[in-house]
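For reference, the chains in residue letters:
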Amino acid sequence: MVKLTIDNQEVETEEGSTILDAASKTGIYIPTLCYHESLSSSGSCRLCSVEVITNGASHLTTACTYPVEEGLEVRTNSQEVIETRKLVMELLLAQHPHSDAIQKLARKLGVGKPTFILKEEECVLCELCVRACREIVGVNAISFIAQGIGRDIDKPSVEISLTKCIGCDSCAYICPTEAITVEDVGDTRIINAPSGKMEFKLKRCNTCGNYWAPEKQLDYIIEKAGLASDAFGNCPDCRD
Ligand code: SF4
């Protein structure tokens, strides 16, 4: 076990956990957007910024990526932390003013109308879709187009490989701002992503006749799990 202090409160937590884990265990709220407990952490949104003091020196870091250390002192509510989070939030709100998730977080952090004027986008570059596709689905179909100086801002930030994608919809499910959406229309699943629209043929249930899952996704599961090729003749409702 590791002992550290968060906001002057002594906390004991498991080795290998992060400041975010330790804080939530203690009931201390740290805002997050790009974090999901089932995925690796990226720290890309920077909303979980906290101040850490090591050897008398203080610096800002992201709570979701910083591992706990014996004797570490953490401040989650210093003036610097509050101002940093508000600035990050204001930038996010300026770029994604119509997102429910962003608006909700902004209200929670006391951020009102942004003073910045930025090009509106749906993708917040949180990478949740990339990590979900790679770490949970195991397909790795999504990649980010290089960010930073020199990036063409008219080009989409996320690219999905149609060859690799199986149409499972995990990316749409986890996206906090609906930058990726999914809809099933008749026998077709349509995935709308910043890089364009993709269509997948849905499998029809042998019993009820409903279309229920992309054929490509079912073929992927059959191959991965070594199942019989007719394993998914029926939808879940019509299975024995
Ligand atoms: S729909 Fe495609 S890109 Fe999205 S998680 Fe599934 S396989 Fe990955």
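Our subject in this report is the structure included herewith. (Residues numbered from 1 in each chain as written. Predicted model: local features only at pLDDT ≥ 70, side-chain atom pairs only at ≥ 80, totals over all residues. Heavy atoms only, no water.)

**Quick word on the overall build of the chain**
Secondary structure summary: the chain contains 6 helices and 11 strands in total. Taking all 240 residues of the chain together, the buried fraction comes to 42%. Of the charged side chains in the chain, 24 are positive and 35 negative, and the gap between their average positions amounts to 3 Å. (Helix = DSSP H or I, 4+ residues; strand = E, 2+ residues; numbered from the N terminus. Buried < 20%, exposed > 50% of the residue type's maximum accessible area, 1.4 Å probe, protein only. Lys, Arg positive; Asp, Glu negative; His and termini not counted. Charge placed at Lys NZ, Arg CZ, Asp CG, Glu CD.)

**Some remarks on the pairing of strand S11 (residues 211–214)**
In the sheet, strand S10 (residues 196–204) pairs with S11 via 3 bridges, with the strands oriented antiparallel. Bridging from a neighbouring strand, Leu202 pairs with Pro214 of S11. (Pairing = 2+ DSSP bridges.)

**Observations concerning the side chain of Thr188**
Mapping Thr188 onto the fold places it in strand S9 (residues 188–193). Here Asp187 takes part through its side chain, which lies 2.9 Å from a polar atom of the side chain of Thr188. For Thr188, the residues in contact, after removing those within four places along its chain, are Glu183, Glu199, Phe200 and Leu202. (Polar contact = N/O pair within 3.5 Å; in protein donor to acceptor, adjacent residues only side chain to side chain. Contact = heavy atoms within 4.5 Å.)

**A look at the nonpolar core**
Taken as a class, soluble globular proteins show a tendency for nonpolar side chains to be buried jointly. With 23 residues, the main nonpolar core has Val139, Ile142, Ile160 and Ile180 as its most contacted residues. Of all the secondary-structure elements, those providing two or more residues to this core are helix H4 (128–137), strand S7 (158–160), helix H5 (170–174), S9 and S10. The biggest single contributor to this core is H4, with 4 residues. In this view, Ile142 contacts Cys129, Val130, Cys133, Val158, Glu159, Ile160 and Cys171; residues no more than four positions away in its chain are not counted. (Core = buried A, V, L, I, M, F, W, Y, C linked by side-chain atoms within 4.5 Å.)

**Focus: the pairing of strand S8 (residues 181–185)**
The pairing of S8 with S9 spans 5 bridges and is antiparallel. What sits directly across from Thr181, in S9, is Asn192. Here S8 folds back onto S9, and the loop between the two strands holds 2 residues, one of which, Gly186, carries a positive phi near 60°.

**A closer look at helix H1 (residues 19–26)**
Of all the residues in H1, the buried ones are Ile19, Leu20, Ala22 and Ala23. Looking straight down H1, one finds its buried side chains confined to an arc of 165°; they lie on one side. Where H1 is buried, its residues meet strand S1 (2–6), strand S2 (9–13), strand S3 (49–54) and strand S5 (73–75). (Arc of directions from axis to C-beta.)

**Considering unusual backbone geometry**
In this structure, Asp7 is a non-glycine residue whose phi angle is positive, near 50°. Structurally, Asp7 can be placed in the loop between S1 and S2. When its relative accessible area of 22% is taken as the criterion, Asp7 is described as partly exposed. The phi dihedral of Arg46 falls on the positive side, at around 65°, and the residue is not glycine. The topology assignment puts Arg46 in the loop between H1 and S3.

**Details of the sheet that holds S8**
Read across the sheet, 4 strands follow the order S8-S9-S10-S11 without closing on themselves; strand pairing throughout is antiparallel. The sheet is open, and its two edges are formed by S8 and S11, each paired on a single side. If you compare each strand with its neighbour and ignore which way they point, the axes differ by 35° on average. Bridge count between S9 and S10: 6 bridges; the pairing is antiparallel. Counterpart to Arg189 in the pairing with S10 is Phe200. (Axes fitted to C-alpha atoms, helices over the stretch in contact; angles between N-to-C directions.)

**Examining a nonpolar patch on the surface**
Residues Leu87, Leu91, Phe116 and Leu118 make up a contiguous nonpolar surface patch of about 300 Å² in total accessible area. Along the chain, the position of Leu91 falls in helix H2 (residues 79–95). (Patch = residues over 30% accessible without salt bridge, like charges linked within 9 Å, V, L, I, M, F, W, Y side chains within 5 Å. Areas by Shrake-Rupley, 256 points an atom, 1.4 Å probe, with all protein chains shown as cover. Salt bridge = Lys/Arg side-chain N within 4 Å of Asp/Glu carboxyl O.)

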